[in-house]
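Breakdown of the fold
If you want the building blocks of each chain, they are given just below.
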Amino acid sequence: GDLTKARAVYEKIKGVPYKPLQAYISIARFLDLDQRFGDAKIEILEGIKNYRNSVPLYLELTRYLVRDSNFKEMEKVLKLVENLEAENSPFYFSKYLENMGILYAVKKDDKKATQFFKTALAMRESDELRSKLAALTVAGGSAVEALVIESKIKEFMRLAQINLKEKKYNEAFEFAIEASDLNPTYIPSQLLLSKIQVERGF
C-alpha cells in the first residue's frame, strides 16, 4: 500500500539480470499499479526466459494476453500449464480452469465455459473470479447466465457486507437491494437484506 517505498525498491532491483521467480511477479504487479502494462508483460516474459517451467509465470502471462485479446497465444500458454500439470498445485490448477473458462467464453462455447468456471469455483472460491463473472454482460438464453447472475449477487453481497461493517447503512442497503433484485428466490441475499433492514430499524 506504500507506492513510494515500492517504487524505491523497484528502482533498486529492476536492472538485476537474474531475479528470484517471485520477484518477476511482484515487479509486474507493481507496474500494473503504475499503469505500465506493457512493461509488466515484458517483466513476466523475462522471468519465463529464466524459469521456463514456471507455472505461476505462465499464469501471470495469461492476464496480459487476455488484456491484449491474444487468445491464440493464451491457448498455447495454457497447453504448457496443462503439460506441466499445474505443478500439482490445486491453486494453480484452479487458475488454469478459470483461464480455460475465459478462453471458451471467447469462443462462444458457453457450456464448456460454464463447466470450467464452476469447477474452478468448486476448487477455490475466488472473489476475483466472481468479480470477473459479475462484469460479464448476460446474454439471453446463455448457459453462463445463471453463473453470471449468481456472481453478480455475491459481488453485491460482498460490497453490502463491507459497507455494513463500516456502518455505512445506506450504501449497504443499496447493494443488498441490488443483490436481492437479481434473484428474489436466492435466500442468502434476502437474509442479508433483512439483517440490514433490522440494523437500520425497519
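Here the structure is a predicted model, which means the values were calculated and not measured.

**Some remarks on the overall build of the chain**
The helix and strand tally for the chain stands at 11 helices and 0 strands. The buried share among the 202 residues of the chain stands at 37%. Considering only intrachain contacts with a sequence separation of at least 6, the fraction spanning at least 24 residues in the chain is 49%. A total of about 11,800 Å² of accessible surface is found on the chain, and carbon and sulfur atoms cover 55% of it. Charge-centre separation for the chain: the mean point of 32 positive side chains lies 2 Å from the mean point of 29 negative side chains.

**A look at the pattern of salt bridges**
Counted by the stated rule, this structure contains 15 salt bridges. With a shortest N-O distance of 2.9 Å, Lys41 and Asp68 are connected by a salt bridge. Separated by 27 residues along the polypeptide, Lys41 in helix H3 (residues 37-50) and Asp68 in the loop between helix H4 (55-67) and helix H5 (71-83) bring together distant segments of the chain. A salt bridge links Lys168 to Glu166, with the shortest nitrogen-to-oxygen separation between them at 3.2 Å. Under the relative-accessibility criterion, Glu166 is labelled partly exposed at 45%.

**A look at the packing of aromatic side chains**
Applying the stated criterion to the full structure yields 7 aromatic pairs. Aromatic side chains Phe93 and Tyr96 sit 5.7 Å apart centroid to centroid with 20° between the ring planes, which places their arrangement in the stacked category. Of this pair, Phe93 and Tyr96 both sit in helix H6 (residues 90-106), 3 residues apart, roughly one helical turn. Exposure remark for Phe93: the relative accessible area of 35% places this residue in the partly exposed category. By way of ring pairs, the aromatic residues Tyr18, Tyr24 and Tyr51 are connected into one cluster. Note that Arg67 overlies the ring of Phe37, its terminal NZ or CZ placed 3.5 Å from the centroid. Of note, Arg200 hangs over the ring of Phe173, and the distance from its end group to the ring centre comes to 4.6 Å.

**Quick look at the nonpolar core**
Counting residues in each nonpolar core, the largest one holds 35 residues, and the members touching the most others are Ile44, Val81 and Met100. Among the secondary structure elements, those contributing two or more residues to this core are helix H2 (21-33), H3, H4, H5, H6, helix H7 (110-123) and helix H8 (127-135). Discounting chain neighbours no more than four positions away, the residues touching Ile44 are Tyr24, Ile25, Ala28, Leu57, Glu60, Leu61 and Tyr64. Within the second largest apolar cluster, 11 residues are counted, among which are Ile153, Ala160, Ala176 and Ile196.

**Observations regarding the environment of Tyr96**
Overall, the relative accessible area of 8% leaves Tyr96 in the buried class. Measuring from C-alpha to C-alpha, the distance between Tyr96 and Val55 comes to 9.4 Å, with 41 residues separating the pair along the chain. Setting aside residues no more than four positions away along its own chain, Tyr96 makes contact with Leu59, Leu78, Val81 and Glu82.

**Considering the confidence of the model for the chain**
Summary statistics for the chain give a mean pLDDT of 87 and a share of 91% for residues scoring 70 or more. No element of the chain has a lower mean pLDDT than H8, which averages 69, and none a higher one than H5, which averages 96.

Cut-offs and rules
- Residues numbered from 1 in each chain as written.
- Predicted model: local features only at pLDDT ≥ 70, side-chain atom pairs only at ≥ 80, totals over all residues.
- Heavy atoms only, no water.
- Helix = DSSP H or I, 4+ residues; strand = E, 2+ residues; numbered from the N terminus.
- Buried < 20%, exposed > 50% of the residue type's maximum accessible area, 1.4 Å probe, protein only.
- Contact = heavy atoms within 4.5 Å.
- Areas by Shrake-Rupley, 256 points an atom, 1.4 Å probe, with all protein chains shown as cover.
- Lys, Arg positive; Asp, Glu negative; His and termini not counted.
- Charge placed at Lys NZ, Arg CZ, Asp CG, Glu CD.
- Salt bridge = Lys/Arg side-chain N within 4 Å of Asp/Glu carboxyl O.
- Phe/Tyr/Trp six-rings, centres within 6.5 Å; stacked < 30°, edge-to-face > 60°.
- Lys NZ or Arg CZ within 6 Å of the ring centre and 35° of its normal.
- Core = buried A, V, L, I, M, F, W, Y, C linked by side-chain atoms within 4.5 Å.
- pLDDT = per-residue confidence, 0-100.

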